[in-house]
Amino acid sequence: MGFSDFHGNSETVHRMRDMLAHQRLPHAVILAGPRGSGKYTLALMLAKAMNCLSPTTTNGLPDFCGQCSNCTRIAQSEDLESRCAEAVDTREHLRETDKKETRILVQTHPDVLVIPPDPPQMMIKVDQVRRVIESIYFRPGEAKERIYIFTDSAFMKEAANSLLKVLEEPPEFATIFLLAENPGELLATIRSRSMTFCLGALSAEEIERYLTRHRPDWDTKQRSLVEGREKIEALLRTLYSLLQDIMFLNSGTPGLVRNTDVQDELKKLSESADFAWVAFAADRLSEVERGIRRNLLRSLSLDAFATALERR
Ligand SMILES: [Zn+2]
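Let me sum up the structure you'll find in this document.

Rules of the game
- Residues numbered from 1 in each chain as written.
- Predicted model: local features only at pLDDT ≥ 70, side-chain atom pairs only at ≥ 80, totals over all residues.
- Heavy atoms only, no water.
- Salt bridge = Lys/Arg side-chain N within 4 Å of Asp/Glu carboxyl O.
- Helix = DSSP H or I, 4+ residues; strand = E, 2+ residues; numbered from the N terminus.
- Buried < 20%, exposed > 50% of the residue type's maximum accessible area, 1.4 Å probe, protein only.
- Donors = N, O, S within 2.8 Å, 3.2 Å for Na, K, Ca; no water.
- Tetrahedral: all angles 85-135°; square planar, octahedral: opposite > 155°, others 65-115°.
- Phe/Tyr/Trp six-rings, centres within 6.5 Å; stacked < 30°, edge-to-face > 60°.
- Axes fitted to C-alpha atoms, helices over the stretch in contact; angles between N-to-C directions.
- Parallel < 35°, antiparallel > 145°, perpendicular 65-115°, else oblique.
- Left-handed = near helix turned anticlockwise from the far one by under 90°.
- Contact = heavy atoms within 4.5 Å.
- Nonpolar A, V, L, I, M, F, W, Y, C, P; charged D, E, K, R; others polar.

1. So, the pattern of salt bridges
Part 1: Taken as a whole and assessed by the stated rule, the structure comprises 15 salt bridges.
Part 2: Linking R91 and D118 is a salt bridge whose minimum nitrogen-to-oxygen distance equals 3.2 Å. Pair noted here: R91 is in helix α4 (residues 80-92) and D118 is in the loop between β5 (112-115) and α6 (126-136), with a separation of 27 residues, a long-range link. Comparing R91 with D118 shows no difference in burial state: the two are buried.
Part 3: Between K125 and D118 there is a salt bridge whose closest N-O contact spans 2.7 Å. Across the pair, D118 and K125 agree in class, each one buried.
Part 4: Counted as one network, the salt bridges with shared partners bring together R91, R103, D118, K125, D127, R130 and E158.

2. What to know about the coordination of the zinc ion
Part 1: Protein coordination at the zinc ion comes from C52 (SG), C65 (SG), C68 (SG) and C71 (SG), with a distance range of 2.3 to 2.4 Å.
Part 2: Given 4 donor atoms and angles of 99 to 120° at the metal, the environment of the zinc ion is assigned as tetrahedral.
Part 3: For C65, a relative accessible area of 16% translates into the label buried.

3. Regarding the packing of aromatic side chains
Part 1: Summed over the entire model, instances satisfying the criterion amount to 2 aromatic pairs.
Part 2: Arranged with centres 5.5 Å apart and planes meeting at 75°, the rings of F3 and F64 form a pair that is edge-to-face. Pair noted here: F3 is in the segment before α1 (10-21) and F64 is in the loop between β3 (61-63) and α3 (69-75), with a separation of 61 residues, a long-range link.
Part 3: Residue F3 is classed as buried on the basis of its relative accessible area of 4%.
Part 4: A centroid spacing of 5.4 Å and a plane angle of 45° characterise the contact between F150 and F155, whose relative ring orientation is tilted.
Part 5: F150 sits in the buried class, given a relative accessible area of 0%.
Part 6: For F155, a relative accessible area of 11% corresponds to the buried category.

4. Focus on the packing of α6 against helix α7 (residues 157-168)
Part 1: At a minimum axis distance of 8 Å, the contact between α6 and α7 shows a crossing angle of 20°. Here α6 lies roughly parallel to α7, going by the angle between them. The handedness of the crossing between α6 and α7 is left-handed. Residues V126, V129, R130, I133 and I136 of α6 pack against E158, A159, S162, L163 and V166 of α7.
Part 2: Looking at side-chain class alone, the contact of α6 with α7 contains 7 nonpolar, 1 polar and 2 charged residues.

Written out as C-alpha cells, the structure is:
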C-alpha cells in the first residue's frame, strides 16, 4: 500500500513527493487532468502522506502506511460516489427548511474535508466554501495538515470569490487541492495563486499492465472490457464536443468549432438539427453516461441513445 498503487504520471507524482519531502509543496495545488487520470486518488494519497502516523519512505521519497488511524479514515473518502450519495440521501430526509441550508460535504477525518459539486446544479456553492473558511484557520486536531479537496472546477461566482480570499493568505498548516478537468474554468486569479500539476490520461498499455498485475485472475476478455470502458468514455467526450460544434454552427460562430476535420459533415448536420434537437441529444447522452456509471451494459445504453435520436 502506498504511492506504488498509483498508476501512470510517475514523473508528476515523483515531483510532488519530492516537494513534499522538502516541505515545498504549495498550499494551493491544482491537479489538472481528464477523468480517470487519478486526480482524486492522488490528492487523497498526498493527504495520507502528509498525515500518516507511521510515515514510510519508498525510493527515498515520503510515503504512507495505509494502516494508521489517519490513513484509514482518509481512505474512507476514496469511494467518493458512495459518500456523496449518502450525503445527498441524508439531506433528502431533512426538514424542508434545513434542506435548503445543507450542502453536500464529505468528511471521514476531522481535518480532511472533501468538497464535491452540490446537486442539483452540480457546482461548488458559497456555503461550501464558508465551511472551509470556518475551519481552515484553526490548527488541525489529529492531523499535521488540514486538507481541503475541491473535486470540481465548476464554482458559483460568489464561491470562487470567497475561495480567492482564502488563497490570498492560506494558513501554514493547510493545503487546498483543486481538481480540474479544465483548469481554464477556474478564475485566473485562483490559478495564479496555485501551482498546477497536470496528469495525463492512462494509455491502453498502462491499463493493460495495471490489470495484469492487479487482476491476474481476470482473463484477456475481462481486461479488454475495462479498456472498453475507457474507450467508451473517450467516445462520449467526442460526442459531446460534436454536439457543441453543431451548436456553434447554429449560433453563427463557426470559428469556435473544434472538430474542424469533419466541418463539412457538421455543417450538413447543423442544417437539419435545431437547438431543441441538440439539447435533446445532450440530455440523452448524459443518461448514457449515468447508465455507464451505474454499470449498465454499455452497448445497450449506446443503442438506446441511438434509437432515441432516430425516433426524434
Ligand atoms: Zn498511516
